[in-house]
Amino acid sequence: MEEAVTAGQLRERGNALFQAGDHAAALAAYTQALSLCDAEPERAVLHRNRAACYLKLEDYAKAEADASKAIEADGRDMKALFRRSQALQKLGRLDQAVSDLQRCVSLEPKNKAFQEALRALGSSMHEKMKTMSCTDSKVEQMFQILLDPEEKDVDKKQKAAQNLIVLAREEAGAEKIFQSDGVRLLTQLLDTAKADLMLAALRTLVGLCSGHRSRTMAILVELGAPRLSAVLGVEHEQVSLAACNLLHVMFDSLKEGLQKDFRGKEDAVVLDSSKDLKLLIKHLLELLALEGASAHGRDNALNLLIKVVPRKSPKETNNTLSLWVIDQGLKKILEVGSTVCGAPGSLPVTENSRMSASVLLSKLYDDLKCDAERENFHHLCEDYVRSWFEGHELAGKLRAIQTVSCLLQGPSDAGNRVLELEGIMDSVLSLCASVCEAHQLVAVEALIHAADKAKRASFITANGVSLLKEIYKHSERDSIRIRALVGLCKLGSAGGTDFSMKQFAEGSTMKLAKQCRKWLCNETIDAGTRRWAVEGLAYLTFDADVKEEFVEDKAAMQAMFHLAKSEDRSVLYAVASTLVNCTNSYDHEEPDPQMLELAKYAKQHIPEQHPKDKPDFVKRRVRKLLTAGVVSALSCMVKSENPALTNSCRELISRVFLALVEEAEDRGGVVAQGGGKALIPLSLEGTEVGQTKAAQALAKITITSNPEMAFPGERIYEVVRPLVSLLHLQRTGLENFEGLMALTNLAGISERLRQKILKEKAVPMIEGYMFEEHELIRLAATECMCNMAMSKEVQELFLAEGSDRLKLMVLYSGEEDEKLRRAASGTLAMLTALHPPICKRIPQVTVHWLEILQALLLSPSMELQHRGAVVVMNMMAAEREVAEQLIASEMLEILSVLAKDKDKPRVAQAAKESLAQAVAYGLIKPNPGQE
């Protein structure tokens, strides 16, 4: 039976872990020790030690609490007092921090550390008091200028507004504004209905609410959700956007809780923000169906709901907010999705509104966890469609069909369900032949979206193709013809990239593509209609002949890129899909030859690759897209805050970027046009596949470019996390290899980057790959570790008890693979130079250490010889006992020979220094004939 561990042993373990820099593990050991310890003095020490851990982990509130418990047991505990003062200082409670430091100085007056800390804190308090007294009058003065109706100096007002916004960004300034009756005064600014004053008020309120839950709740009570909702719905686009930003910040503060709040103030308030959250969401839902709300306000409300309602991750178990929104507001969301532009009494919407409604519906549906919840969603959608379809004559049928389109673009399962309601499909087909353009548009779009879904495709192929061909050939309206053409494109591309499965007669696909390009380039047609031409190309470019013609048409490519940068963001997915097809960046696996033979034997269909989809053709297409400016278009697409930039869309863009950087010579151009900057957000947000593709593209850039040039300033530190994600076990060998190579480059740049890599917990993964069977991955991991070994924390790891890290590095220095030997011996040279205790450990890790070092010195490779000579030189300098072991072997003879080799001056110099050290120890006599 295993012996029970004691509190004392756990405390010792915690001390060792703390010294090794593993503060989280040390904290766990001290916490476990506390659970086993009853004696008050020992508990006080453990609380004091936990306070030190929390300080290192930057959890200052807990550090203060633990230090306080230690002080309760012993009021003269200087370490606890000092740690509490550090925590209080970080929490902004400077007066209390000073009190603790004064106590430390009184207990130990000669302690210079205490004296210096007190002096520094006194200076910062003086500065703060000076700033605050100055701030009081400034806040009052700024509000006077802004609220004075007689003040006509526009520049003066603008400066006052800007100063107020800047002040609110600092915690001290935000608190001063809040305490100076600022919320009431800001409300007065909002009520002026003047755009510039409203913007100043909204942006100042953002500073007051950011990361501060109690202030946010107080501001919400003062302003009221109806007022905030009304400001969001105003016609002025910038004001509406600023209100949207404020509401987003308020949602974050209410959901996430304390970030900047001062503990003392917060403890006095009982915080329950769930009611406030629901109140805000309720008013946003009401705004959606409010006729008086602006189109931009409605879009902003939808965007907010998309960001704040669904769970951020499936790991979160609570989806009650989504369920509440479905019950309270699903029909209001469908009101936007069912809007028929131009119809009497229709809601004001933009070209993005219906797409935003579809995205929100899709996210709500995806957030449901069981069949009962999904069934409720379906029933609500079906009831809404029936309510319009039955008893509202033609106008109602149009609203019902528009709702079907909205659902098919969002949660397609719900769309398919309502499409199967009695009479819906028949109405779609009959309205396709309507003489009224608006009615025909609604019906044709519904038919197109239905054709996208496998359930309906065969029915539409049988019943809709002839109708779509009729409309395409005989309609006099381009807006109708282009949509009919897209329907035909969708049906014509059912075979995907399979060259042997073509739906239409030879040449038909090319004719459709040519017409799409013609419409795309026609600037006299409105952008909303031209978007459908891109939709068509998104399907037709499955055909390699279409891809080849498209990349030859520079005008068509640039017209598509121009649309991608336009305000109509609903085109993003179609543009991304077209580019994925042109670059062949979709996933495709090579079929197993044996399975192919079996399929032929069983007379099964075998997919065939188009001859023009071979690598050389793809490479040429990528070059033409790069020349046409594809990178700037993609970068612009990534910047979009619109819901149309869905996770699926992000994944497609990541795929395209990865294809664009496949060739090393193209990477510089991609970076120069903003590709590196665009890839960082793609690698941190979206689908797992999308994030991985973007991370791999970043790795390729980092491997062949100067990372400091490719990712200037702080951006280089943002690249580390995506690269570390490539080391996870579920990634492919190529992704692991490229991640390691890229991290090797970064680790060689600066200590700050190495610290960032350490913080991302990459070192254990790098070590794991040093045992990899694949020689290139093993080599890349060893080279990466070589650069990481410049960090003190990594050097300490090689001395950790029970670790085989150093042994592995010594053994790898004796491997047959010269590149691996070079990397391992380089690591040893660095470790022995930077951390001398390692020199003493080398003879203990393996009995073969001497023979491995001798083999390095006798290697025909000058690089290996030099690395070996440096290791020996460092070991000789580290300790006499180690030097004795080296000199007692054949090493003396080898060093003597190398010291005379004039062809290898660096090796000779290291050998001479080793011999000189042996002389200094008195192990050998100096040679009078030697230089």
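None of these values were measured; they are calculated from a predicted model.

K.L.:
Can you walk me through the overall build of the protein in this structure?
P.N.:
Each helix and strand in the protein was counted, giving 55 helices and zero strands. Residues counted as buried form 53% of the 931 residues belonging to the protein. When contacts within the protein are restricted to residue pairs at least 6 apart in sequence, those whose partners lie at least 24 apart make up 68%.

K.L.:
I would appreciate a short explanation of the environment of Gly-233 in the present structure.
P.N.:
Within the element layout of this structure, Gly-233 appears in the loop between helix H13 (225–232) and helix H14 (237–256). Overall, Gly-233 belongs to the buried group, its relative accessible area being 8%. Considering only alpha carbons, one finds Gly-233 and Leu-287, 54 residues apart in sequence, at a separation of 7.2 Å.

K.L.:
What exactly am I supposed to notice about the pattern of salt bridges here?
P.N.:
If the charged atoms of two oppositely charged side chains come close together, the side chains can form a pair. Tallied over the full model, the rule gives 42 salt bridges. Arg-531 is paired through a salt bridge with Glu-535; the nearest N and O atoms lie 3.6 Å apart. Remark: Glu-535 and Arg-531 occur in helix H29 (residues 527–540); sequence separation between them is four residues, near one turn of the helix. No difference in accessibility class separates Arg-531 from Glu-535, as the two residues are buried. Salt-bridge contacts for Lys-700 lead to Glu-738; the nearest nitrogen and oxygen are separated by 2.8 Å. Taken together, the residues span a long stretch of sequence, with Lys-700 in helix H39 (residues 688–704) and Glu-738 in helix H43 (residues 733–747) at a distance of 38 residues. Each of Glu-818, Arg-822, Glu-863 and Arg-867 takes part in salt bridges that share partners, so that together they form one network.

K.L.:
Would you mind going over helix H35 (residues 630–639) with me for this structure?
P.N.:
Since the α-helix advances by 3.6 residues per turn, residues separated by three or four positions end up pointing in the same direction. The element H35 is largely enclosed, with a buried count of seven among its 10 residues. Every buried residue belonging to H35 is among Val-630, Val-631, Ala-633, Leu-634, Ser-635, Met-637 and Val-638, and all of these are buried. In this structure, the buried side of H35 is in contact with helix H31 (554–564), helix H32 (572–583), helix H34 (615–628), helix H36 (647–660), helix H37 (664–672) and helix H38 (675–684).

K.L.:
How do you make sense of the nonpolar core when you look at a structure like this?
P.N.:
As a rule of thumb, nonpolar side chains are buried together in soluble globular proteins. If you look at the biggest cluster of nonpolar residues, it comprises 265 residues, and the most contacted ones within it are Ile-653, Phe-657, Leu-660 and Leu-886. Core analysis: the next-biggest nonpolar cluster, separate from the first, contains 16 residues, Leu-27, Ala-63, Ala-87 and Leu-91 among them.

K.L.:
Even after reading the chapter, I still don't get the packing of H38 against H39, so can you show me in this structure?
P.N.:
A pair of packed helices can be characterised by two numbers: the angle between their axes and the separation between those axes. Put simply, H38 and H39 touch, their axes get as near as 7 Å, and they point 145° apart. Where H38 crosses over H39, the two elements pack in a sense that is left-handed. Of the residues in H39, those in contact with Gly-676, Leu-679, Ile-680, Leu-682, Ser-683 and Leu-684 of H38 are Gly-690, Gln-691, Ala-694, Ala-695, Ala-697, Leu-698 and Ile-701. Along the lines of polarity and charge, the residues of the contact of H38 with H39 split into nine nonpolar, four polar and no charged.

K.L.:
Would you mind going over the environment of Met-560 with me for this structure?
P.N.:
Tracing the backbone shows Met-560 in helix H31. Taking C-alpha positions, Met-560 is 8.3 Å from Cys-521, a pair spaced 39 residues apart along the chain. In this view, Met-560 contacts Leu-520, Val-534, Phe-550, Val-575, Thr-578 and Leu-579; residues no more than four positions away in its chain are not counted.

K.L.:
Where do I start with unusual backbone geometry in this structure?
P.N.:
Among all residues except glycine, the phi angle is most often negative; among peptide bonds, the trans geometry is most common. Non-glycine residue Glu-58 carries a positive phi angle of around 65°. Within the element layout of this structure, Glu-58 appears in the loop between helix H3 (40–56) and helix H4 (60–73). Given the relative accessible area of 56%, Glu-58 is considered exposed.

K.L.:
How should I be thinking about the packing of helix H51 (residues 849–857) against helix H52 (residues 862–878) in this particular structure?
P.N.:
Running from amino to carboxyl end, H51 crosses H52 at an angle of 135°, the nearest separation of the two axes being 7 Å. With respect to each other, H51 and H52 are oriented oblique. For the pair H51 and H52, contact is made by Trp-849, Leu-853, Leu-856 and Leu-857 and by Leu-864, Gln-865, Gly-868, Ala-869, Val-871, Val-872 and Met-875, respectively. Each residue belonging to the contact of H51 with H52 can be placed in one class, and the counts come to nine nonpolar, two polar and no charged.

K.L.:
Looking at this structure, how should I read the packing of aromatic side chains?
P.N.:
The way to describe two aromatic rings as a pair is by their centre distance and the angle between their planes. Within the structure shown, the criterion is met by three aromatic pairs. Ring geometry for Tyr-472 versus Trp-519: centroids 6.4 Å apart, planes at 75°, classification edge-to-face. Of the two residues, Tyr-472 sits in helix H26 (residues 465–474) while Trp-519 sits in helix H28 (residues 508–521), which places them 47 residues apart along the sequence. For Trp-519, a relative accessible area of 3% gives the class buried.

K.L.:
Please clarify how the state of the cysteines should be interpreted in this entry.
P.N.:
Each disulfide consists of a covalent bond between the sulfur atoms of two cysteine residues. Following the criterion strictly, the structure yields zero disulfides and no others. Cys-784 provides the cysteine sulfur closest to Cys-786, a residue in no disulfide bond, and the two sulfurs are 9.7 Å apart. Exposure remark for Cys-786: the relative accessible area of 12% places this residue in the buried category.

K.L.:
Whenever I open this one, the side chain of Arg-754 confuses me. Can you help?
P.N.:
As for its placement among the helices and strands, Arg-754 is situated in helix H44 (residues 751–759). Here Ala-747 takes part through its backbone oxygen, which lies 2.7 Å from a polar atom of the side chain of Arg-754. Sequence-distant contacts of Arg-754, that is, excluding residues within four places in its chain, are made with Ala-747, Gly-748, Asn-787, Met-788, Met-790 and Ser-791.

K.L.:
Could you clarify how one ought to interpret the side chain of Arg-83 in this entry?
P.N.:
Relative to the helices and strands, Arg-83 is located in helix H5 (residues 78–90). Polar side-chain contacts of Arg-83 include one of 3.0 Å to the backbone oxygen of Arg-48. Each residue touching Arg-83, except ones within four places of it in the same chain, is listed here: Arg-48, Asn-49, Ala-51, Ala-52 and Leu-55.

K.L.:
Hey, could you run me through the environment of Ala-823 in this one?
P.N.:
Within the secondary structure, Ala-823 sits in helix H49 (residues 818–834). When the C-alpha atoms of Ala-823 and Thr-782 are compared, they prove to be 6.0 Å apart, with 41 residues separating the residues in sequence.

K.L.:
What is the right way to read helix H18 (residues 320–337) from this model?
P.N.:
Along its length, H18 shows its largest kink, about 65°, at Gly-329. Within the sequence span of H18, burial applies to Leu-321, Ser-322, Trp-324, Val-325, Ile-326, Gly-329, Leu-330, Ile-333, Leu-334, Val-336 and Gly-337. Where H18 is buried, its residues contact helix H16 (274–288), helix H17 (295–308), helix H19 (353–366), helix H20 (371–389) and helix H21 (393–409).

K.L.:
Would you explain the confidence of the model for the protein in this entry?
P.N.:
The predicted coordinates should not be examined in detail at positions where pLDDT is low. Here the protein averages 83 in pLDDT, and 90% of its residues register 70 or above. In this model residues 495–503 is a low-confidence stretch, pLDDT under 50, and it forms 23 contacts with partners more than four residues away in sequence or in other chains.

How each quantity is defined
- Residue positions are given per chain, counting from 1 as you read along its sequence in written order.
- Reporting in this predicted model follows two pLDDT cut-offs: at least 70 for local features of residues, and 80 or more for side-chain atom pairs to be given and counted; totals over whole chains, interfaces and linings ignore these cut-offs and use all residues.
- Hydrogen atoms and water are omitted, and side-chain values are computed over all heavy atoms in the structure.
- Every helix listed is a DSSP run of H or I at least four residues long, and every strand listed is a run of E at least two residues long, numbered separately from the N terminus.
- A 1.4 Å probe rolled over the protein chains alone gives each residue an accessible area, and that area as a share of the maximum for its type sets the label: buried under 20%, exposed over 50%, partly exposed in between.
- By definition in these notes, contact holds between two residues if any of their heavy atoms fall within 4.5 Å.
- Here, a salt bridge means any Lys or Arg side-chain nitrogen found within 4 Å of an Asp or Glu carboxyl oxygen.
- Working definition of a nonpolar core: buried Ala, Val, Leu, Ile, Met, Phe, Trp, Tyr and Cys residues. They are joined through side-chain atoms within 4.5 Å.
- Lines fitted to C-alpha atoms define the axes here, with helix axes fitted over just the stretch in contact, and angles between the N-to-C directions of these axes take values from 0 to 180 degrees.
- The hand of a helix crossing depends on one turn: near helix anticlockwise from the far one by less than a right angle means left-handed, and clockwise means right-handed.
- As a working rule, the residues Ala, Val, Leu, Ile, Met, Phe, Trp, Tyr, Cys and Pro are called nonpolar, Asp, Glu, Lys and Arg charged, and the rest polar, with Gly in that last group.
- Working definition: roughly parallel below 35 degrees, roughly antiparallel above 145 degrees, roughly perpendicular at 65 to 115 degrees, and oblique for all remaining angles.
- Here a Phe, Tyr or Trp ring, Trp counted by its six-membered ring, pairs with any other such ring whose centre lies within 6.5 Å, and the pair is stacked when the planes are under 30 degrees apart, edge-to-face when over 60, and tilted otherwise.
- When two cysteine sulfur atoms are found within 2.5 Å, that pair is recorded as a disulfide.
- We define a polar contact as two N or O atoms separated by no more than 3.5 Å, with the added condition that, inside protein, one atom must be a possible hydrogen donor and the other a possible acceptor, whereas residues neighbouring each other in sequence contribute only through side-chain atom pairs.
- Bend is the name given here to the angle between axes fitted to two runs of seven residues, the run ending at a residue and the run starting at it.
- Along the chain, pLDDT gives the predictor's confidence residue by residue, from 0 to 100.

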